[in-house]
Amino acid sequence: HRCVARPRPRPRPCRCLGRAFPFTASGSRSPLLLLAAASSSSRGVRNSSPPQHVQRRSQKHNVGHLHDNNKVNGKIGEAGVRVNKAFRQTHSRREADALVASGRVHVNGTKPEPGTRLQPGDVVTLDGKRVAWERLEPTSKKCQTKEMAASSKAASTPADVRQSMKKFVYIAYHKPKGVTCTTDQKDATNLLAALQRAGVEKKSKNQRLFPVGRLDKLSTGLLVVTSDGRVPNAVLAPDAKYQKQYIVKPHERVTDEHLRELRSGVIITTTAQRKGAKPLTAKTMPCQVDRRGDDLCFTLEEGRNRQIRRMLEALGYRTLALHRPSFAGLKLHGRTAAPGGWALLEGDELDVVAKWLK
């Protein structure tokens, strides 16, 4: 047999040293590389750390919310709440993100990344002034450890809850037809403009108000408005199970068969009103539906987007009017009886709110 000369292996670039050194086919170092290492050792040169360009590359891959050396109390991770939510009372989400990106925000003396998550006890400052973020955005149930949840429950006595509520404003508002449940000032029919026209601003203590839940633009009824960021999470959580009552006027009388279907559940498609939400096609939960003449009275614990309108639409009915007289233990009465009326919650009504927050 003839001896066929095998080609010499081509030099491969060494990413660690930034130069090309020949390696053997098996991947071991070539004599040339060993000779270079021996030469460096003989000159007393010791370089155990990788070159700067390698260090920069490794730093890019190791960046999380903050570098390991810049962790806030060593707690920054998947738990907690995003740093932009510390400013939800005074700034929109985009404005809060801009504050963080500009470097005006510090967490425990360190400039945070936009995705930094806060833990109880973290100190947030804006332009050197401390922000009381924990009273607006307490750690949610999903982020709590068992120990945190137990201690939180032990500390949430009725007296403590009522004391914490003194900082906030709680308003019952009879939303009229044509008002949109949004705080976006670009929408001429936004809720804040309607509240300002009604004179709510004088009693709001200059705090940022937002609705608890929603009523669509064509619907009327009780809407709770507050500056307490704990309330929406407490009332609207899937496991909260608070009842909401609605009086609905369909375009024609609903048959007994369809009434039974409404009570047992109807398959509808809804999309949650948040950015990036995907449509959900599923059967509604069983609910109480009673007749009031030709109208219907729904009592729901569920709260999907335009749920009642879509339930009736699935059975061939159009909704002419939808009104909510009660919400999670609160009712329209007195000054809130007429559309556009409002009143500060007080007495027993604040006790209801305190139960939400326990």
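Computed from a predicted structure; not experimentally measured. (Residues numbered from 1 in each chain as written. Predicted model: local features only at pLDDT ≥ 70, side-chain atom pairs only at ≥ 80, totals over all residues. Heavy atoms only, no water.)

Colleague: Which parts of the structure should I look at to understand the packing of aromatic side chains?
Modeller: For any pair of aromatic rings, the description consists of the separation of the ring centres together with the inter-plane angle of the planes. One pass over the full model with this rule turns up two aromatic pairs. When the ring of Y242 is compared with that of W356, the centres are 6.4 Å apart and the planes differ by 65°; the resulting orientation is edge-to-face. Here Y242, found in the loop between α7 (230–236) and β11 (244–250), pairs with W356, found in helix α10 (residues 348–357); they are 114 residues apart in sequence, far enough to count as distant. You can call Y242 partly exposed: its relative accessible area is 22%. Residue W356 is classed as buried on the basis of its relative accessible area of 4%. Relative to W356, the ring of F327 has its centre 6.3 Å away and its plane inclined at 85°; by these criteria the two rings are edge-to-face. (Phe/Tyr/Trp six-rings, centres within 6.5 Å; stacked < 30°, edge-to-face > 60°. Helix = DSSP H or I, 4+ residues; strand = E, 2+ residues; numbered from the N terminus. Buried < 20%, exposed > 50% of the residue type's maximum accessible area, 1.4 Å probe, protein only.)

Colleague: Help me understand the pairing of strand β10 (residues 220–226) in this model?
Modeller: Each regular strand shows side chains that alternate between the opposite faces of the sheet. Most of β10 is tucked away, with seven of its seven residues classed as buried. Judged from the six bridges that link them, strand β8 (residues 170–175) and β10 form a sheet pairing that is antiparallel. In the sheet register, I171 faces β10, and the bridge partner there is V225. Sheet analysis places strand β9 (residues 210–212) next to β10, joined by three bridges and oriented antiparallel. (Pairing = 2+ DSSP bridges.)

Colleague: So what exactly am I meant to see when it comes to the nonpolar core here?
Modeller: Counting 32 residues, the largest nonpolar core has Y173, L262, F298 and L312 as the members making the most contacts within it. For this core, the elements supplying multiple residues, two or more each, are β8, α6 (191–198), β10, β11, α8 (256–264), β15 (295–300) and α9 (307–314). In contact with L262, other than residues within four places in its own chain, are V254, C287, V289, L296, F298, M311, L312 and L315. By size, the runner-up hydrophobic cluster in this structure holds 22 residues, among which are F168, A234, A328 and L345. (Core = buried A, V, L, I, M, F, W, Y, C linked by side-chain atoms within 4.5 Å. Contact = heavy atoms within 4.5 Å.)

Colleague: Honestly, unusual backbone geometry in this entry has me stumped. Any pointers?
Modeller: It is generally the case that most residues other than glycine have a negative phi and that most peptide bonds are trans. A positive phi angle, near 50°, is found at R306, a position not held by glycine. Relative to the helices and strands, R306 is located in the loop between β15 and α9. In the Ramachandran plot, A328 falls in the positive-phi region, its phi being about 50° despite a non-glycine side chain. Inspection of the secondary structure puts A328 in the loop between β16 (319–327) and β17 (330–331).

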